[in-house]
Amino acid sequence: MRKRAMLAAFVMAGTVPVVAGAAPASATVVTPKSCPITYGVLIKSHTAYRLPAKGAYYKDGPGGTITASVTKATTISYSLSTSLEVNASYLFASAKASVSGSITKSVAVTTGHSYSHNINAHKYGNLQYGSNGYKVAWESNRTNPNCSTTVLASGTAKLPATSVGWHYWETKS
């Protein structure tokens with residue numbers, strides 16, 4: 001019994017004696033891995049996404065020239081889809097840091113922006129004003145005390161950028 005108490009004292013002190021002719025004692029002290037509990041939002045992917053301004057759609061043709069200008073102010077705001085509630089401001093800040101420094105919570109379409117484009121013969125020209133934003137896939141997670149990660153929520157968000165302008169395309173009718 002005395003030998004066990006001495007061995008325990010050596011283990012606690014961090015040293016293990018080696019006795020000649022005896023197999024070395026294994027004195028590895030295992031301490032559980034510990035991590036601080038943290039929360040975060042991870043941007044999993046992003047793609048360019050056009051966010052049109054409501055009411056700013058024009059069509060002309062066939063052939064000729066289409067010209068339009070913005071005459072009223074519109075605000076385009078971000079949208080969020082999720083299965084659980086997540087702080088939208090936190091998601092927004094994460095997307096801004098991960099995807100683009102120019103992502104905004106909302107963007108105002110200003111007046112005075114004109115655009116003109118030639119339309120190919122027998123085609124119709126279409127114009128729509130809006131923001132060139134991003135569609136992001138996100139995930140809210142927690143780092144647990146045992147250093148594992150738990151996904152709390154996930155979803156997609158359509159976030160406008162500060163750049164706005166005209167989008168032109170042609171159709172057969």
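These numbers were taken from a predicted model, which means no experiment stands behind them. (Residues numbered from 1 in each chain as written. Predicted model: local features only at pLDDT ≥ 70, side-chain atom pairs only at ≥ 80, totals over all residues. Heavy atoms only, no water.)

**Thoughts on the pattern of salt bridges**
Line of reasoning, step 1. Under the counting rule described, the total for this entry stands at one salt bridge.
Line of reasoning, step 2. Note that Glu139 and Lys44 form a salt bridge whose closest N and O atoms lie 3.9 Å from each other. In this pair, Glu139 is assigned in strand S7 (residues 124–143) and Lys44 in strand S1 (residues 38–60), connecting sequence segments 95 residues apart.
Line of reasoning, step 3. Residue Glu139 is classed as buried on the basis of its relative accessible area of 16%.
Line of reasoning, step 4. What makes Lys44 exposed here is its relative accessible area of 51%. (Salt bridge = Lys/Arg side-chain N within 4 Å of Asp/Glu carboxyl O. Helix = DSSP H or I, 4+ residues; strand = E, 2+ residues; numbered from the N terminus. Buried < 20%, exposed > 50% of the residue type's maximum accessible area, 1.4 Å probe, protein only.)

**Digging into the packing of aromatic side chains**
Line of reasoning, step 1. All told, the structure shown has four aromatic pairs when counted by the stated rule.
Line of reasoning, step 2. Between Tyr57 and Trp169 the ring centres are 5.8 Å apart and the planes differ by 35 degrees, which places this aromatic pair in the tilted class. Of this pair, Tyr57 sits in strand S1 while Trp169 is found in strand S9 (residues 164–171), placing the two residues 112 residues apart along the sequence.
Line of reasoning, step 3. Here Tyr57 falls in the partly exposed class, since its relative accessible area comes to 42%.
Line of reasoning, step 4. A ring pair is formed by Tyr129 and Trp166, whose centres lie 4.8 Å apart and whose planes are at 65 degrees; its orientation type is edge-to-face. Of this pair, Tyr129 sits in strand S7 while Trp166 sits in strand S9, and the two are 37 residues apart along the sequence. Comparing Tyr129 with Trp166, the two get one shared label, buried.
Line of reasoning, step 5. In textbook terms, an aromatic cluster arises when at least three aromatic residues are bridged by ring pairs, as seen for Tyr58, Tyr115, Tyr129 and Trp166. (Phe/Tyr/Trp six-rings, centres within 6.5 Å; stacked < 30°, edge-to-face > 60°.)

**Some details on the confidence of the model for the protein**
The predicted coordinates ought not to be read in detail in places where the model reports low pLDDT.
Line of reasoning, step 1. Of the residues in the protein, 57% have a pLDDT of 70 or more, and the chain-wide mean is 73.
Line of reasoning, step 2. Ignoring residues within four places in sequence, the model shows residues 1–24, a span with pLDDT below 50, making nine contacts including any to other chains. (pLDDT = per-residue confidence, 0-100. Contact = heavy atoms within 4.5 Å.)

**Notes on the nonpolar core**
Line of reasoning, step 1. Within the largest apolar cluster, ten residues are counted, these being Ala53, Ala56, Ile66, Ala68, Val70, Ile119, Leu127, Tyr129, Trp166 and Tyr168.
Line of reasoning, step 2. Sorting the residues of this core by element identifies S1, strand S2 (64–69), S7 and S9 as the ones contributing at least two each.
Line of reasoning, step 3. Residues Val136, Ala153, Ala157 and Leu159 belong to the second largest nonpolar core, which totals seven residues. (Core = buried A, V, L, I, M, F, W, Y, C linked by side-chain atoms within 4.5 Å.)

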